[in-house]
Amino acid sequence: MWNNFRSSTFICVPIVTRSGEVGLGGRTRVWVCLVLVLGAAAGVGVGVPLALRVDPGATLSQRLNTVTTLLQDTPLFDGHNDLPWNIRKFMHNKLHSFNFTAELKQLRPWSRSSWSHTDLPRLREGMVGAQFWVSYVPCKSQKLNAVQLTIEQIDLIKRLIDQYPDHLRLATSADEVEAAFKEGRIASLIGVEGGHAIQNSLGVLRALRDLGVRYLTLTHTCSTPWAECARAKEIDPEDPNAPRGLTFFGKTVVREMNRLGLMVDLSHTSQSTMRAAIKASRAPVMFSHSSVYAICKNPRNVPDDILRNVSKNGGIVMVSFYNNFLTCSEQATISDVIEHINHVRKVAGVDHVGIGADFDGINNLPVGLPDVSAYPSLFAELLSDPSWTISDLRKLAGENLLRVMRQVEQVRLNLQHQQVMPFEEEVGVEQEDTEDDSCFYRFTRDAE
Ligand SMILES: *[C@@H]1O[C@H](CO)[C@@H](O)[C@H](O)[C@H]1NC(C)=O
Ligand SMILES: *[C@@H]1O[C@H](CO)[C@@H](O)[C@H](O)[C@H]1NC(C)=O
């Protein structure tokens, strides 16, 4: 019956009865739900929003049932998971010694790591419908082998997807996400975390897009020669060469990303970079794993004025589950996550909030959200707040990110129609590090 959702509507009416046996003054409210199947609407193919309601006093198990139904129909689409880096760290990218269908919390070395929260049984239990898997490589590889390591992480993600075809499917567009989800596969997308991965090269940026990458986080915990990271001032407040926000080349990276249909991810960037990128971008931007600065003043979080501009820009802020960003302490609960989600909803709007838990990339998680199996608990909790309608919960779960992807894809098509050519700018020579020349082959700029 659940497959028939979009063509059905539910009408629920409370019936108050008196009963001698039940407590609370003997009054029991029973919700009676009727299902009207709108055959005609189904024929037209117009989705009828599910008028599923939950009694404000519904038990946890009733709410979980509703969440199950909801997440069978709408993909839960998380913005950031760092499992690929842990496979590098623990297994040196050797997938023959990695069993994704096993319960990793029972297996060493995963069972001993506070950074491990992901395996297929728990992804299924958590009803994850789509996931951005992250190709992350450490800042220390900047100006060294960052490009190679990034490509190896992309190769790892693709081999992982190929090895579990019954569970995972590569997706590179919103349509492919929906198609994979309809076939019961977890749509698997690739994001690259850290602008150092392109080593100042628009050619590398384009090649990453060809490999299937669909977002680039402009910085990780280091600035690049063209983009300032969140902690730049802490790392080296005096550095005269540090970029403030985006340089001219940095803005060109953003424009090339618009042309390529690559989402601009601003998690980890400084506030000046966020502002400059939102201004430069012709497409909606994303924060793949960030929370709210007004609640926890950590530079990884997003301040209210930028939340408002993300709303105007059509973008999305995907709330992270890292305790240190939620409460600025090592402790947090599901309620703290909800406070952040509600704040993004209040300031940016319900169309601009999502979830980017950062599982496998963090080691302090809220009580009640220990791993990827726990997303339904979060939704069940949100469901006890009547200000969250079913259709708004669908937006939070995945519809918002799908919309952002579609808009980014549309901007790409528009720029193609305008015949905007690939950008050929280079990072300024003065910004290139000349001290460790030995690592690079450099062309001379002579005519000959
Ligand atoms: C992987 O783990 C699953 C579940 O424990 C098990 O059934 C399967 O045999 C394992 N596969 C390999 C290759 O060890
Ligand atoms: C928000 O956008 C407006 C223009 O729409 C701009 O004037 C303002 O500086 C922006 N604020 C931030 C924080 O970027």
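The rules behind the values
Residues numbered from 1 in each chain as written. Chains lettered and ligands numbered in written order. Predicted model: local features only at pLDDT ≥ 70, side-chain atom pairs only at ≥ 80, totals over all residues. Heavy atoms only, no water. Helix = DSSP H or I, 4+ residues; strand = E, 2+ residues; numbered from the N terminus. Buried < 20%, exposed > 50% of the residue type's maximum accessible area, 1.4 Å probe, protein only. Contact = heavy atoms within 4.5 Å. Areas by Shrake-Rupley, 256 points an atom, 1.4 Å probe, with all protein chains shown as cover. Near = heavy atom within 4 Å. Polar contact = N/O pair within 3.5 Å; in protein donor to acceptor, adjacent residues only side chain to side chain. Nonpolar A, V, L, I, M, F, W, Y, C, P; charged D, E, K, R; others polar. Pairing = 2+ DSSP bridges. Right-handed = clockwise from strand over helix to strand, strands pointing away. Core = buried A, V, L, I, M, F, W, Y, C linked by side-chain atoms within 4.5 Å. Axes fitted to C-alpha atoms, helices over the stretch in contact; angles between N-to-C directions. Parallel < 35°, antiparallel > 145°, perpendicular 65-115°, else oblique. Left-handed = near helix turned anticlockwise from the far one by under 90°. Salt bridge = Lys/Arg side-chain N within 4 Å of Asp/Glu carboxyl O. Disulfide = S-S within 2.5 Å. Phe/Tyr/Trp six-rings, centres within 6.5 Å; stacked < 30°, edge-to-face > 60°.

*Asks:* Please explain the overall build of the chain as it appears in this structure.
*Replies:* Check the secondary structure of the chain and you find 15 helices and 11 strands. Each of the 448 residues in the chain was classed as buried or not, and the buried ones make up 55%. Residue pairs at least 24 apart in sequence account for 71% of intrachain contacts in the chain once pairs closer than 6 positions are excluded. Surface summary for the chain: the accessible area is close to 19900 Å², and the carbon and sulfur share equals 52%.

*Asks:* Before we go on, may I ask you to explain the site of ligand 1 in this structure?
*Replies:* Around ligand 1, the structure places Asn99, Thr101 and Ala102. One of the side-chain N or O atoms of Asn99 is found 2.4 Å from an oxygen atom in ligand 1. In the complex, 25% of the free accessible area of ligand 1, which totals 360 Å², lies under the protein chains.

*Asks:* When you look at the site of ligand 2 in this model, what are you seeing that I'm missing?
*Replies:* In the neighbourhood of ligand 2, the contacting residues comprise Arg275, Asp305, Ile306, Asn309 and Lys312. Contact distances for ligand 2 include 2.4 Å between an oxygen atom and a side-chain N or O atom of Asn309. In isolation ligand 2 offers 360 Å² of accessible surface; the protein chains occlude 45% of this area. Top element by residues in the shell around ligand 2 is helix H11 (residues 304–313). It accounts for 4 residues. Considering only residue class, the shell around ligand 2 consists of 1 nonpolar, 1 polar and 3 charged.

*Asks:* Explain the pairing of strand E7 (residues 213–217) here, please?
*Replies:* Looking down a regular strand, the side chains alternate between one sheet face and the other. For E7, the buried fraction is high: 5 of the 5 residues fall into the buried class. In this structure, strand E6 (residues 186–193) lies alongside E7, joined through 4 bridges in parallel fashion. Looking across to E7, one finds that Glu193 is bridged to Thr217. Note that the unit made of E6, helix H7 (residues 202–210) and E7 has a crossover that is right-handed. Both E7 and strand E8 (residues 263–265) contribute to a ladder of 3 bridges, which runs parallel. Each residue of the ladder has a partner; that of Leu216, found in E8, is Val264.

*Asks:* Even after reading the chapter, I still don't get helix H10 (residues 271–280), so can you show me in this structure?
*Replies:* Since the α-helix turns once every 3.6 residues, residues separated by three or four places project in the same direction. Listing the buried residues of H10 in full gives Thr273, Met274, Ala276, Ala277, Ile278 and Ala280. Each element contacted by the buried residues of H10 is listed here: helix H9 (248–260), E8, strand E9 (286–287) and H11.

*Asks:* Just checking my understanding: could you explain the nonpolar core for this structure?
*Replies:* It is characteristic of soluble globular proteins that their nonpolar side chains tend to be buried jointly. Within the largest apolar cluster, 98 residues are counted, with the highest numbers of intra-cluster contacts made by Phe98, Phe100, Leu218, Phe321 and Leu378. Beyond its immediate stretch of four places on either side in the chain, Phe98 contacts Leu83, Ile87, Met91, Leu104, Trp110, Leu160 and Tyr164.

*Asks:* Looking at this model, I keep getting lost on the packing of H7 against H9. Mind explaining?
*Replies:* Working note: a packed helix pair is described by the angle between its axes plus the distance between those axes. With their axes 11 Å apart at the nearest point, H7 and H9 run at an angle of 25° to one another. It follows that H7 is roughly parallel to H9 by the angle criterion. Judged by the twist between their axes, the crossing of H7 over H9 is right-handed. Along its contact with H7, which presents Leu202, Leu205, Arg206 and Arg209, the element H9 presents Phe249, Thr252, Val253, Glu256, Met257, Arg259 and Leu260. Partitioning the contact of H7 with H9 into residue classes produces 6 nonpolar, 1 polar and 4 charged.

*Asks:* Please clarify how the pattern of salt bridges should be interpreted in this entry.
*Replies:* When the charged atoms of two side chains with opposite charge come close together, those side chains can pair. Taken as a whole and assessed by the stated rule, the structure comprises 13 salt bridges. For Asp175, the salt bridge is made with Arg406, and the minimal N-O distance between the two is 2.7 Å. In this pair, Asp175 sits in helix H6 (residues 174–182) while Arg406 sits in helix H15 (residues 390–417), placing the two residues 231 residues apart along the sequence. Each member of the salt-bridge network shares a partner with another, and the members are Asp119, Arg122 and Asp371.

*Asks:* Please clarify how the state of the cysteines should be interpreted in this entry.
*Replies:* Where two cysteines share a covalent bond between their sulfur atoms, that bond is called a disulfide. Throughout the structure, instances matching the rule amount to 2 disulfides. Between the sulfur atoms of Cys139 and its disulfide mate Cys222 the distance is 2.1 Å. Here the disulfide of Cys139 and Cys222 is left-handed, its torsion about the S-S bond being about -85°. Of this pair, Cys139 sits in the loop between strand E4 (128–136) and helix H5 (146–163) while Cys222 sits in the loop between E7 and helix H8 (232–235); the two residues are 83 residues apart in sequence, bridging distant segments of the chain. Considered together, Cys139 and Cys222 belong to a single accessibility category, that of buried residues. Cys296 shares a disulfide with Cys328; S-S distance 2.0 Å.

*Asks:* I tried to follow the packing of aromatic side chains on my own but got confused; where do I start?
*Replies:* Any two aromatic rings considered together are summarised by their centre-to-centre distance and by the angle between their planes. Under the defined criterion, the tally for this structure stands at 13 aromatic pairs. Consider the rings of Phe321 and Tyr375, whose centres lie 6.1 Å apart with planes at 50°: the pair is tilted. With Phe321 in the loop between strand E10 (316–319) and helix H12 (323–326) and Tyr375 in helix H14 (residues 375–383), this residue pair connects regions lying 54 residues apart in the sequence. Here Phe321 falls in the buried class, since its relative accessible area comes to 1%. Both rings, one in Tyr322 and one in Phe325, keep their centres 4.8 Å apart while their planes meet at 90°; by these two values the pair is edge-to-face. As far as burial versus exposure is concerned, Tyr322 and Phe325 are alike and both buried. Chaining the aromatic ring pairs together yields one cluster made of Phe90, Phe98, Phe100, Trp110, Trp133 and Tyr164.

Spatial relationships are all this shows, so hold off on functional conclusions.
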